[in-house]
Amino acid sequence: MGSIIEFNDTLQITTEQGFPDELQLEKHLKTPFTAKDFGGRVFEFHDKPGMRLYHPAPTRAFLVHNINGKWLYWGHVQIVEQTINSRTKTTAGKFVITEIYSAKQQREMSIQEVDAGKEYFT
């Protein structure tokens, strides 16, 4: 008997799945964001394919914006709520932003920490 629930340490979502509109690369490169800019606001994600478990707060998860299959790392979040829908085999939840990477960190993570072909900056 096996498990069909996947454990994740990375919240990798598209804009449609709830990636925060406020996090825009062009703005971040001009005036870097910090976690304080989001002041503990709670964001929601939904319709993440697959039944997944994220470590709950206070453990961090990486926040990644999936843009047309390319992964742009942004920093860390804490998952404060999650729901698995066994009928649709999707995961939803809520998170807070706890760290935003500098542009240099963001670039390095988005090249080094992804599978070949998913690098945002190549």
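Residues numbered from 1 in each chain as written. Predicted model: local features only at pLDDT ≥ 70, side-chain atom pairs only at ≥ 80, totals over all residues. Heavy atoms only, no water.

Q: Hey, could you run me through unusual backbone geometry in this one?
A: As a rule of thumb, non-glycine residues mostly have phi less than zero, and peptide bonds are mostly trans rather than cis. Looking along the chain, the bond that leaves A57 and enters P58 is cis, with omega of 20°. Here P58 is to be found in the loop between strand 4 (52–54) and strand 5 (60–67). One non-glycine residue, D47, adopts positive backbone phi at about 55°. You can see D47 is positioned in strand 3 (residues 42–49). At N68, a residue that is not glycine, the phi angle is positive and equals roughly 55°. On the secondary structure map, N68 appears in the loop between strand 5 and strand 6 (70–85). Judged by relative accessible area, N68 falls into the exposed class, the value being 78%. (Helix = DSSP H or I, 4+ residues; strand = E, 2+ residues; numbered from the N terminus. Buried < 20%, exposed > 50% of the residue type's maximum accessible area, 1.4 Å probe, protein only.)

Q: What is the right way to read the side chain of T10 from this model?
A: On the secondary structure map, T10 appears in strand 2 (residues 10–13). For T10, a relative accessible area of 15% puts it in the buried group. In terms of polar contacts, T10 uses its side chain to reach the side chain of D9, at 2.9 Å. Once you skip the residues sitting within four places of it in the chain, T10 turns out to touch Y54, F62, V64 and Y73. (Polar contact = N/O pair within 3.5 Å; in protein donor to acceptor, adjacent residues only side chain to side chain. Contact = heavy atoms within 4.5 Å.)

Q: Whenever I open this one, the pairing of strand 7 (residues 90–100) confuses me. Can you help?
A: Pairing analysis gives six bridges linking strand 3 to strand 7, with the strands arranged antiparallel. Within strand 7, the residue paired with K48 across the bridge is T91. Looking at chain direction, strand 6 and strand 7 are connected through 10 bridges and run antiparallel. When the sheet's bridge partners are listed, H76 is paired in strand 7 with E99. Between the antiparallel neighbours strand 6 and strand 7 lie four residues, among them K89 with a positive phi of about 55°. (Pairing = 2+ DSSP bridges.)

Q: What exactly am I supposed to notice about the pairing of strand 2 here?
A: Look at any regular strand and the pattern is simple: side chains alternate between the two faces of the sheet. Side chains of strand 2 alternate between two faces, with T10 and Q12 and L11 and I13 buried alike. As paired strands, strand 2 and strand 5 are joined by four bridges and run parallel to one another. Paired with Q12 across the strands is V64, a residue of strand 5.

Q: Which parts of the structure should I look at to understand the environment of Q105?
A: Looking at the element boundaries, Q105 is found in helix 2 (residues 103–112). Between the C-alpha atoms of Q105 and Y73, which are 32 residues apart in sequence, the distance is 8.7 Å. In this structure the side chain of Q105 is engaged in a polar contact, spanning 2.9 Å, whose partner is the backbone nitrogen of S102.

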